[in-house]
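# Remarks on the overall topology
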Amino acid sequence: MELTGADIFVRCLADEGVEHVFGYPGGAALHIYDALYRQDKVKHILVRHEQGAAHAADGYARATGRPGVVLVTSGPGVTNTITGIATAYMDSIPLVVFSGQVATSLIGDDAFQEVDAVGISRPCVKHNFLVKDVKDLAATIKKAFYIASTGRPGPVLVDIPKDVTAHKCEYEYPRTVSMRSYSPVTDGDPAQIHQAVDLMLSAKRPMIYTGGGIVLGEASAALTELVRLLGYPCTNTLMGLGAYPATDPLFVGMLGMHGTYEANMAMHECDVLIGIGARFDDRVTGDLNKFCPHARIIHVDVDPSSISKNVPAAIPVVGASGPVINEMIRLIKASDRKPDKEALVAWWKQIGQWRAMNCLEYDRESQLIKPQYVVETLYDITGGDAYITSDVGQHQMWAAQYYKFDKPRRWINSGGLGTMGFGLPAAMGVKLAFPDATVACITGEASIQMCLQELSTCKQYDLPVKIVNLNNRYMGMVRQWQEFFYDRRYSHSYMDALPDFVKLTEAYGHIGFKIEKPGDVEGALKEAFAMKDRLVFLDFITDQTENVYPMIAAGKGQHEMHLKPCKAVVPTDRELA
Amino acid sequence: MRHTISMLLENESGALSRVAGLFSARGYNIESLTVAPTEDETLSRLTLVTSGSEDVIEQITKQLNKLVDVVKLVDLTEGQHIEREMLLIKVNAGGATRDEIRRAVDKHQARILDESETTCTIELTGTSDTLDAFVTAVSRAGIIEVVRSGVSGIARGENSLRV
């Protein structure tokens, strides 16, 4: 039987196993929305802004590992998703974005709500398609899901003109897809892995440095086995947190600009660096000329273009993290050689001395609420088992430093693009995927206002996430940089004219708490998290002068960390009033 | 260093813009770029001349290979290969300069395609260096227009770029 393009679209999603679509209707997508109305397999979540749809689908994908799906209309519908698409692209998150387009006969005419969606999204998608014929629709959708979710994952956009959704053809969803121009690798080259293992076993001061590639490759269990088998220290990037259990003694914390003293010093002093599924980003390496000066570097990545991009690798291995780590484990177990015990004892002794600096210590006697204390308390009362999303800035770093993630896919943040406004819609996506899980969004008063309208979506679909607002009345990270590098000229970083978040949340039909004293933090969190079926907005009025430490200034080496929490000199609310 | 990279590309709308966009987005140089369909109408052949350090060239080839529309790629500079470029040039050829032009045409084995009272239009195919030399040779006469095709390249001997 012949079906319309719109019906084919919906059938494709159902056959692909898609349960949820985040979207917003509009003219060019109306045939598709009509087809959605006439079925009950695919559930549509109506967001309040298309950026929210992209972030929600992204959060859904990060938590589940399955591609997130977005449906929007042409023109502003699709341009509003671009920030969300770029966010997913930078963090290699599988997303399939469907955009309506004006009819093929109108393309290029500057028609109403026409925009070149394929052109405008090109630099921030893994691939994109314009479907010009209904006969190509099903095959294109199949390809889109395949490309998004294989190899190094990423967002794929499919632009569908309105007439294509009205035309009819026979429907058959392809079972398989093969593309001559796209064949992602999985297994690494055995000879390269062999060499890598030889170097690993020769190390005196080894360091295992892993990133989001472990999470994306579902290689967390394999990594944990490898690290324990070797007894080597392990650090995770911001994107890799949870890939190795943070409470394990072999874990030395996050590395990079706001990483721990022990992680960064161990990177700087190591003689063999084993990088897996991490891309040597500038926030990790600092000054490349000072990066790991003593180390021979092994770099495992599924994307060959990540290898030797910023830092040359002595032993490159192109392959997916899981299969490569498993092969490493097999070779190590079969080898006569064992890790150098004596050297390791000395190395761990050195790391222990760095650890003893206690770089994450903060003032626990303060009369003001310390943001670190809120995150630590949140960790305690959620048993370390919540899904935590975050926005971008100081609160994001404190969440990364003080919430000890033991499992992958629990820490959901915009690492690469650094997108403020990500946290709330992402939390929505997570809660939808796991309705029984505890989901909290750690945010700040600046970030939360960027996608705040999604509180309405949370109400409509009963998504009782918890919002932990670390409200310091500043764009904290901007303020911190202005304090350090702009001679305390706090240009436009003070958040004036803030709304009453409690009343605002109540206006959306949720519950809001304002917490102003350290003594009330624990009680408020307990009360909020006990309300399983309500969204609670916790507005913590925190110490405005708090900075994120340790800190490596941009362009400095990994060993050049600011540790001493010198008291920040910033005008407080009272002085500004 | 100058590199000539040749690739087979899916013959689809937008494929070329992915290649060109990659170069502008990542700040790589393009010296020339030529593209046309092959005997297999689903494939285009693209030759691209770029320059950069070895690290940059390695990134360029990796990033190009990552594009879903790129089917196969070879850096021709890594082996023996042939490069050709075509030049169409219109020069002033009034009075005595015409003989001078003719001598240059003969010397470089170029061809005169069209003549008017005051102009002469010439075709020359060769390496980029040969073309440069010819343009210099006729420049005294006064160049009106220069049209160059950009470099096309192919490997020597039995090496080939096929699906």
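Residues numbered from 1 in each chain as written. Chains lettered and ligands numbered in written order. Predicted model: local features only at pLDDT ≥ 70, side-chain atom pairs only at ≥ 80, totals over all residues. Heavy atoms only, no water.

So, on to the nonpolar core. Residue and element names in this part refer to chain A. In terms of nonpolar packing, the biggest core is built from 100 residues, with Leu273, Leu538 and Phe540 touching the most fellow members. Excluding residues within four positions of it along the chain, Phe540 makes contact with Ile369, Val374, Val468, Asn469, Leu470, Asn471, Ile515, Val521 and Leu525. Counting 48 residues, the second-largest nonpolar core is a separate cluster that includes Ile45, Val70, Ile82 and Val115. (Core = buried A, V, L, I, M, F, W, Y, C linked by side-chain atoms within 4.5 Å. Buried < 20%, exposed > 50% of the residue type's maximum accessible area, 1.4 Å probe, protein only. Contact = heavy atoms within 4.5 Å.)

Below, the discussion takes up the interface of chain B and chain A. Counting from both sides, the interface comprises 19 residues of chain B and, opposite them, 18 residues of chain A. Buried surface at the junction of chain B and chain A, both sides included, amounts to about 1400 Å², of which 45% is carbon and sulfur. When the buried surface of chain B facing chain A is broken down by residue, B:Arg18, B:Lys62 and B:Val68 rank first, second and third, together holding 42% of it. Summed over the shared surface of chain B and chain A, the result is two salt bridges. Put simply, B:Lys66 and A:Asp303 hold a salt bridge, and the shortest N to O gap is 2.8 Å. Where chain B meets chain A, there are eleven residue pairs in polar contact (both at pLDDT 80 or more). Secondary-structure elements contributing two or more residues to the side of chain B that touches chain A are α1 (15–26), α2 (54–66) and β4 (70–75) of chain B. If one sorts the elements of the side of chain B that touches chain A by residue count, α2(B) sits on top with five residues. Classifying every residue of the side of chain B that touches chain A gives six nonpolar, five polar and eight charged. (Buried area = accessible area lost by both parts, 1.4 Å probe. Salt bridge = Lys/Arg side-chain N within 4 Å of Asp/Glu carboxyl O. Polar contact = N/O pair within 3.5 Å; in protein donor to acceptor, adjacent residues only side chain to side chain. Helix = DSSP H or I, 4+ residues; strand = E, 2+ residues; numbered from the N terminus. Nonpolar A, V, L, I, M, F, W, Y, C, P; charged D, E, K, R; others polar.)

On to the domain arrangement of chain B. All names here are of chain B. Each domain of chain B was delimited in the assignment, giving domain 1 (2–79) and domain 2 (82–152). The junction of domain 1 with domain 2 conceals about 450 Å² of combined surface from both sides, 48% of it contributed by carbon and sulfur atoms. A per-residue breakdown of the area domain 1 buries against domain 2 is headed by Arg2, Thr34 and Thr47, which together make up 61% of the total. At the junction of domain 1 and domain 2, the tally comes to one salt bridge. At the surface where domain 1 touches domain 2, the tally comes to four residue pairs in polar contact (both at pLDDT 80 or more). Counting only elements with at least two residues in the side of domain 1 that touches domain 2, the list comes to β1 (2–10), β2 (32–37) and β3 (43–51). Considered class by class, the residues forming the side of domain 1 that touches domain 2 number one nonpolar, four polar and one charged. (Domains from an automatic or database assignment.)

All names here are of chain B. By the secondary structure assignment, Thr34 is in strand β2. Given the relative accessible area of 12%, Thr34 is considered buried. A polar side-chain atom of Thr34 sits 3.4 Å from the main-chain carbonyl oxygen of Val151. When near neighbours in sequence (up to four residues on either side) are disregarded, Thr34 contacts Arg45, Leu46, Thr47, Ser149, Gly150, Val151 and Ser152.

We now examine the sheet that holds β1(B). All names here are of chain B. A sheet is described by the order of its strands in space; here four strands give the open sequence β2-β3-β1-β4, paired in antiparallel fashion. Strands at the two margins of the open sheet, each flanked by one partner only, are β2 and β4. Ignoring strand direction, the axes of neighbouring strands in this sheet form an average angle of 15°. Sheet topology places β2 next to β3; six bridges connect them, and they run antiparallel. Residue pairing for β3: Thr34 is matched across the bridge by Thr47. Along the sheet, α1 contacts β1, β2 and β3; its crossing angle with β3, the most-contacted strand, is approximately 15°. (Pairing = 2+ DSSP bridges. Axes fitted to C-alpha atoms, helices over the stretch in contact; angles between N-to-C directions.)

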